[in-house]
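Breakdown of the fold
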Amino acid sequence: MPYVKQSFILPYAMPAFLCLKRVLGVSVSEAQRLIDKGKVFLWGRHFAREE
């Protein structure tokens, strides 16, 4: 099943996992899983931990 893209505007820079935790209410492990599976985007590109 495809996932739905959601956009968020943050008031200040923060790590991606904290954004997912605060905005979506997911646990840290679930946020990290979403990042690792490539389901988090930054400026239209997959968010990678190496960047």
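Before going into details, it helps to say that this report is about the structure given with it. Note that the structure is a prediction, hence the values are computed from the model and not measured.

Time to look at the environment of Lys21. Tracing the chain through its elements places Lys21 in helix H1 (residues 16-24). Along the primary structure Lys21 and Ala31 are separated by ten residues, whereas in three dimensions their C-alpha atoms are 6.5 Å apart. Every residue in contact with Lys21, bar those within four places of it in the chain, is listed here: Val26 and Val28.

On the surface, a cluster of nonpolar side chains totalling about 310 Å² of accessible area is made up of Phe8, Leu10, Val23 and Leu24. Position of Leu24 relative to the elements: it lies in helix H1. On the basis of relative accessible area, Leu24 is assigned to the partly exposed category, the value being 40%.

Overall, the coordinates contain one salt bridge when judged by the stated rule. Salt-bridge contacts for Glu30 lead to Arg33; the nearest nitrogen and oxygen are separated by 2.8 Å. On the criterion of helical spacing, the pair formed by Glu30 and Arg33 is a turn pair, its members being three residues apart in helix H2 (residues 28-36). Judged by relative accessible area, Arg33 falls into the partly exposed class, the value being 37%.

About the thresholds
- Residues numbered from 1 in each chain as written.
- Predicted model: local features only at pLDDT ≥ 70, side-chain atom pairs only at ≥ 80, totals over all residues.
- Heavy atoms only, no water.
- Helix = DSSP H or I, 4+ residues; strand = E, 2+ residues; numbered from the N terminus.
- Contact = heavy atoms within 4.5 Å.
- Patch = residues over 30% accessible without salt bridge, like charges linked within 9 Å, V, L, I, M, F, W, Y side chains within 5 Å.
- Areas by Shrake-Rupley, 256 points an atom, 1.4 Å probe, with all protein chains shown as cover.
- Salt bridge = Lys/Arg side-chain N within 4 Å of Asp/Glu carboxyl O.
- Buried < 20%, exposed > 50% of the residue type's maximum accessible area, 1.4 Å probe, protein only.

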